[in-house]
Amino acid sequence: MFDLKIKNNRVTCRPGETVLDALLRENINIPYGCKAGACQSCVVQSLDAKPPAKAQGGLKDTLKSSGHFLACQCHPEQPMTLKLSKEAASFVDGRVAVNEPLNRNTQLLIIDINDADRYRAGQFVNLQRSDGLTRSYSIANIPHASGTLEFHIRRLPGGRFSTWVHEELKVGDSIPVSEPQGHCFYLPDRKEQGLLLIGTGTGLAPLAGILADALSHGHSGPIRLFHGSREHEDLYRVNEMRELAEHHPNFSYTPCISSGDAPEGFTQGRVHDAALSAQADLVSWRVFLCGHPDMVKSAQKQAYLKGARLADIYCDAFVVSAEQAPSA
Amino acid sequence: MSNSLYERIGGEAAVNAAVDLFYRKVLSDYRINRFFDSTDMDAQIAKQKAFFTYAFGGPNNYTGKDMRSAHAHLVKMGMNGSHFDAVMEHLGATLHELNVPEDLIAEAAAIALGARSDVLGL
Ligand code: FES
């Protein structure tokens, strides 16, 4: 018998019971489906104890490393503090350190934050305006290295939050930042594996973070970054990426332009077409896809058909609200 | 033998390995891929997992009636016995590739075959 702590509740998991059984018995509202470890709808997170290996079968490595497990497959081996996925994220105050343009419509926002080691490059957080308006943005740097979080904020037509960041948010202002979310990040195992990074627009943010993280861990396999946008003016960090590629022989960078003629040094066409056609197969590659949802979905399927394991395809899954309609 | 087929084949880990191989096969098979061609890959994968959990005789909540309603739109799209047989082929090939012993493959195939008339709405 082990105690499970969930927010203010304490539930005792009886012998033979799974965590899911115990929660359901106490009428705690938790999604589930197959009760067989297959559908993964019952994923919860342990905030302290390491979950039994069996309860993590089939989960992505990044989820495993953050203590997520399947409630229906878990017979606890010690007391656990749990977090259900639908619990609202808690916020801490950060302070704006930099807010300056990256290109004609994208702002670089850097926020000083305490406890930066909680955050990983490529995850996302919610940022909040004082009236509660909230948007998700991906982390583009290695937070623990600098004690900051870096975001790329594209101005969207009619976008209330992005307009506010572009026009009103000032260096020195304080801004609430949620805890990190999402499992789209780099894990420093299998360093010889190829990494394929494909992004549109500010989908570069998490990819740049993942890239920096992989390089800092001495990733030895090939790393290929493809960044696309409609027009050349909507790309950014082009020179920085080219320089990085010069210094790291295992890293290559391909900027892609989907409309009109691509200038010298840029590839003409849609970014995932360029990325996937350059690749004979993706057997044993790790693939990261971020940006326009249509691109992500289509690239996800193509990468899989080229041989990438389902568990090795990471998509940045947060959904943009309608007014934040994706722009790539 | 007291263990279920699901456990003997390897449980949830085997389901995941099987889905990985199987879904690639059906998506590459021009005879049937249009039935699997939804853009929402995550939803599709959840369905393939449910399929394998079922074929392995694992814990699941399906009734014959669920099978019928879940596949009715595919029958409308023209799914028939030949498509069902193609899926059975890929099921067998997938399990072979995973080195599942013949007798267990036969058991799984028999379970899947048992759903034939419900799936096809016959
Ligand atoms: S309920 Fe389906 S994996 Fe737990």
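Visitor: Sorry if this is basic, but what is going on with the pairing of strand 6 (residues 91-103) of chain A here?
Guide: Within a regular strand, the side chains alternate between the two sheet faces. All names here are of chain A. Direction of pairing for strand 6 relative to strand 11 (residues 174-178): antiparallel, over a ladder of five bridges. Residue pairing for strand 11: Val92 is matched across the bridge by Val177. Where strand 6 lies against strand 7 (residues 106-112), seven bridges are found, and the strand directions are antiparallel. Bridged to Arg95 within strand 7 is Asp112. In sequence, strand 6 turns back onto strand 7 through a hairpin of two residues.

Visitor: Would you mind showing me how to read the packing of helix 8 (residues 293-305) of chain A against helix 2 (residues 11-27) of chain B here?
Guide: Two numbers describe a pair of packed helices, the interaxial angle and the distance between the axes. The interhelical angle for the contact between helix 8 of chain A and helix 2 of chain B, taken along N-to-C directions, is 100°, at an axis separation of 10 Å. Relative to helix 2 of chain B, the element helix 8 of chain A lies roughly perpendicular. Between helix 8 of chain A and helix 2 of chain B, the residues in contact are A:Lys301, A:Tyr304 and A:Leu305 and B:Val19, B:Asp20, B:Tyr23, B:Arg24 and B:Leu27, respectively. Among the residues forming the contact of helix 8 of chain A with helix 2 of chain B, the class breakdown is five nonpolar, no polar and three charged.

Visitor: Where do I start with the interface of chain B and chain A in this structure?
Guide: By a widely used convention, the size of an interface equals the accessible area lost when the partners come together. Each side of the interface is counted separately: chain B has 20 residues, and chain A has 18 residues. Contact between chain B and chain A buries roughly 1600 Å² in total, counting both sides, with carbon and sulfur atoms accounting for 53%. If you sort the residues of chain B by the area they bury against chain A, B:Glu12, B:Arg24 and B:Met41 come out on top, with a joint share of 36%. The tally of links between chain B and chain A comes to zero salt bridges. Put simply, chain B and chain A have four residue pairs in polar contact (both at pLDDT 80 or more) between them. Partitioning the side of chain B that touches chain A into residue classes produces eight nonpolar, six polar and six charged.

The rules behind each value
Residues numbered from 1 in each chain as written. Chains lettered and ligands numbered in written order. Predicted model: local features only at pLDDT ≥ 70, side-chain atom pairs only at ≥ 80, totals over all residues. Heavy atoms only, no water. Pairing = 2+ DSSP bridges. Helix = DSSP H or I, 4+ residues; strand = E, 2+ residues; numbered from the N terminus. Axes fitted to C-alpha atoms, helices over the stretch in contact; angles between N-to-C directions. Parallel < 35°, antiparallel > 145°, perpendicular 65-115°, else oblique. Contact = heavy atoms within 4.5 Å. Nonpolar A, V, L, I, M, F, W, Y, C, P; charged D, E, K, R; others polar. Buried area = accessible area lost by both parts, 1.4 Å probe. Salt bridge = Lys/Arg side-chain N within 4 Å of Asp/Glu carboxyl O. Polar contact = N/O pair within 3.5 Å; in protein donor to acceptor, adjacent residues only side chain to side chain.

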